Amino acid sequence: MLAELTHVCPLACPYCSNPMELTKRSNELDTDTWARVFSEAADLGILQLHLSGGEPASRRDLVDLVTAAREAGLYTNLITSGVGLTEAKLTALDAAGLDHVQLSVQGITAALADRIGGYKGGFERKMHVAERIAEIGFPLTLNAVMHRHNLDDLPATIALAQRLGARRIEVACVQFHGWAEANRGQLQPTVDQVHAAKATVEAERERLKGALVIDFVAPDWFSDFPKACMGGWGSTGLNITPSGDVLPCHAAETIPSLTFANVTQSSLSDIWYGDAAFSAFRGTDWMPPLCQSCDRRDIDFGGCRCQALAIAGDVTATDPVCRKSPDRAKVDALLNVAPSDAPFVYRARV
């Protein structure tokens, strides 16, 4: 379960996947409600809890939330920019039982990282936080969102993960939802960059086997077949927004035909088993004939619904990334978008 505790964040990354309309702090769930939701999540069978945002460290009750999650028996992972995490806060989180830290990096140099994040001094702050994480002994994942401006730095980014003592690096190529869509021309990598990145990941996985786990989230459009959305819509995970709406995937709010239940009005179990949004594309019965008859039906489950709507204009269509899709030409056309040097449209702050 991904718990988006807040949309407040000191960074303004132009690839942020949060919605264009951000939740105000006054509309966030309170501590007791989150604690109840964590307990319900454990009862539902959820094992792993990702505490995210925005920047979760902007919540003054973050330590209390980690304590509640641990008391519910959940494995807790803090997804953070590092900005706002003090030594005292990290020590308190350790005492509360935090299991893991996932630290985002926007580049391997201060100049690039601070430009992407829209926050001067952010890179230096991250490096100090990473040192303290290592001293405490938190298992560390480095989360590197890659795009046209930093994908060529992938070998150095992997080397940075090693220097910081990370056990895992997630090389996540930008997906064009939320704010990233407004910055497509500035962020979209070239075909050559993506091919080179795939080769680098393959070689580094072999070289660093047993020392560093490298997860590679390739950009969908450069593939011949789509990935299964969230491992299959409504099958393996759920997201909760800062105001308590429960989503089958992070970008599901971009589908206007869906409405979402809220944890202030329904239990997590009732939502998971009975909510219309979760059953809308769960399983295979909803699929178009092309997907129903495909030998990949139970592999990618029709692909991404948000992508189908955004590119094909039909939320029930075969994911246009698929080479079998009649809309694949629209994806190929997007691959040829000319790079833009226009200023970034930075994420809004709340």
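Bear in mind that the values here come from a model prediction, so they are computed numbers and not experimental data. In every chain, residue numbers begin from 1 and rise along the written sequence. Restriction of local features to residues with pLDDT of at least 70 applies here, the model being predicted, together with a cutoff of 80 or more for giving and counting side-chain atom pairs; totals for whole chains, interfaces and linings are based on all residues. Here the side-chain values reflect all heavy atoms present in the structure, with hydrogen atoms and water set aside.

Asks: Which residues make up the overall build of the protein chain, and what values do they have?
Replies: On a plain count of helices and strands, the protein chain comes out with 14 helices and nine strands. The C-alpha radius of gyration of the protein chain comes to 20 Å, within 12% of the 20 Å expected for a compact globule of 350 residues. A 1.4 Å probe rolled over the protein chains alone gives each residue an accessible area, and that area as a share of the maximum for its type sets the label: buried under 20%, exposed over 50%, partly exposed in between. In the protein chain, buried positions account for 56% of the 350 residues. Contacts between residues were defined by any pair of non-hydrogen atoms, one from each residue, lying within 4.5 Å. In the protein chain, of all internal contacts separated by at least 6 residues, the share reaching a separation of at least 24 is 71%. Note on areas: these come from Shrake-Rupley sampling with a 1.4 Å probe, and a residue is covered only by the protein chains present in the view. Counting every atom, the protein chain has about 14,900 Å² of accessible surface; 52% of that belongs to carbon and sulfur. The averaged location of the 42 negative side-chain charges in the protein chain is 4 Å from the averaged location of its 32 positive side-chain charges. For the purposes of this entry, the term helix denotes a DSSP run of H or I that reaches at least four residues, the term strand denotes a run of E that reaches at least two, and both are numbered from the N terminus. To get the radius of gyration, use the C-alpha atoms; to get the globule rule, take the number of residues to the power 0.38 and multiply by 2.2 Å. The charged-residue count follows a simple rule in which Lys and Arg add positive charge and Asp and Glu add negative charge, with His and chain termini not counted at all. The atom standing in for a charge is NZ when the residue is Lys, CZ when it is Arg, CG when it is Asp and CD when it is Glu.

Asks: Outline empty space enclosed by the protein, supporting the account with residue identities and numerical values.
Replies: The rule is simple: put a 1 Å grid over the protein atoms alone, call a set of points where a 1.4 Å probe fits but cannot get out a cavity, call an open set with protein on both sides within 12 Å along at least five of seven lines a pocket, and count a residue as lining if it has an atom within 4 Å of a point. Grid points are joined across faces, edges and corners, and a volume is the space filled by probe spheres set on the points. Counted under the stated rule, the structure contains three cavities of 30 Å³ or more. Roughly 100 Å³ of volume is contained in the largest cavity. Considering the residues around the largest cavity, the lining is formed by Phe225, Pro226, Leu290, Cys291, Cys294, Arg296, Arg297, Asp300, Gly302, Thr318, Cys322 and Lys324. Throughout this entry, Asp, Glu, Lys and Arg are counted as charged residues, while Ala, Val, Leu, Ile, Met, Phe, Trp, Tyr, Cys and Pro are counted as nonpolar. The remaining residues, Gly among them, count as polar. Taken together, the residues of the lining of the largest cavity sort by class into six nonpolar, two polar and four charged.

Asks: Please give an account of helix 2 (residues 62–71) that cites residues and values.
Replies: Of all the positions in helix 2, only Leu62, Leu65, Val66, Ala68 and Ala69 are classed as buried. Buried residues along helix 2 cover an arc of 160° about the axis, so they all sit on one side. Just downstream of helix 2, Gly73 is the residue with a positive phi angle, here 90°. Here the arc refers to the directions that run from the helix axis out to each C-beta atom.

Asks: Hey, could you go over the packing of aromatic side chains for me, with residue numbers and the actual values?
Replies: The relative placement of two aromatic rings is captured by the distance of their centres and the angle of their planes. Only rings of Phe, Tyr and Trp enter the pairing, Trp through its six-membered ring, and a pair is recorded when the two centres are within 6.5 Å. The plane angle decides the type: under 30 degrees is stacked, over 60 is edge-to-face, the rest tilted. Per the stated rule, a full pass over the model turns up six aromatic pairs. Taken together, the ring pairs connect Trp233, Phe281 and Trp286 into an aromatic cluster. Counted as over-ring charges are cases with an Arg CZ or a Lys NZ within 6 Å of the ring centre that also lie within 35 degrees of the ring normal. The ring of Phe176 has Arg184 lying over it, and the distance from NZ or CZ to the ring centre is 5.2 Å. Stacked on the ring of Trp272, the Lys or Arg Arg282 has its end atom at 4.9 Å from the ring centre.

Asks: Describe the environment of Ala57, listing the residues and the values that go with them.
Replies: If you trace the backbone, Ala57 turns up in the loop between strand 2 (48–52) and helix 2. Here Ala57 falls in the buried class, since its relative accessible area comes to 11%. Sequence separation between Ala57 and Ala111 is 54 residues, and the spatial gap between their C-alpha atoms is 24 Å. Among residues more than four places away in sequence, those in contact with Ala57 are Leu62, Val83, Gly84, Leu85 and Lys89.

Asks: Could you give me a rundown of helix 1 (residues 31–44), with the residues and numbers involved?
Replies: The span one expects for a helix is its residue count, reduced by one, times 1.5 Å. Compared with an ideal rise of 1.5 Å per residue, which puts 14 residues at 20 Å, helix 1 spans 20 Å between its outermost C-alpha atoms and is within 8% of the ideal. Remark: Gly45 follows helix 1 within two positions and exhibits a positive phi of approximately 110°.

Asks: Can you lay out the sheet that holds strand 4 (residues 100–105) for me, pointing to particular residues and giving the numbers?
Replies: Reading across from one edge, 7-6-5-4-3-2-1-8-9 is the order of the nine strands in this open sheet, with mixed pairing throughout. Each edge of the sheet is formed by a strand with only one pairing partner; in this case those strands are strand 7 (213–217) and strand 9 (246–247). Two strands pair if DSSP finds at least two bridges between them. Relative to strand 2, strand 1 (residues 2–4) runs parallel, the two being bridged by three bridges. In the sheet register, Leu2 faces strand 2, and the bridge partner there is His50. Most of the contacts of helix 6 (residues 154–163) go to strand 5 (residues 140–146), to which it runs at about 165°, and overall it touches strand 5, strand 6 (168–173) and strand 7. Orientation is described by axes fitted as lines to C-alpha atoms, over the contacting stretch for helices, and by angles from 0 to 180 degrees between their N-to-C directions.

Asks: Give a description of the state of the cysteines that names residues and reports values.
Replies: The criterion for a disulfide is a pair of cysteine sulfur atoms lying within 2.5 Å. Counted under the stated rule, the structure contains zero disulfides. Here Cys229 stays unpaired: no disulfide links it, and the sulfur of Cys249, its closest cysteine neighbor, is 4.2 Å away. For Cys229, a relative accessible area of 11% translates into the label buried. You can see Cys322 has no disulfide; the closest cysteine sulfur is in Cys294, sitting 6.0 Å from it.

Asks: Provide a residue-level description of the nonpolar core, including the pertinent values.
Replies: If you look at the biggest cluster of nonpolar residues, it comprises 85 residues, and the most contacted ones within it are Met1, Phe38 and Ile240. With six residues, the single largest contributor to this core is helix 5 (residues 122–136). If you look at the next biggest cluster of nonpolar residues, it comprises 17 residues, including Ala252, Leu258, Ala277 and Val315. What makes a nonpolar core is a set of buried Ala, Val, Leu, Ile, Met, Phe, Trp, Tyr and Cys residues whose side-chain atoms join them at distances within 4.5 Å.

None of this, on its own, says anything about what the molecule does.
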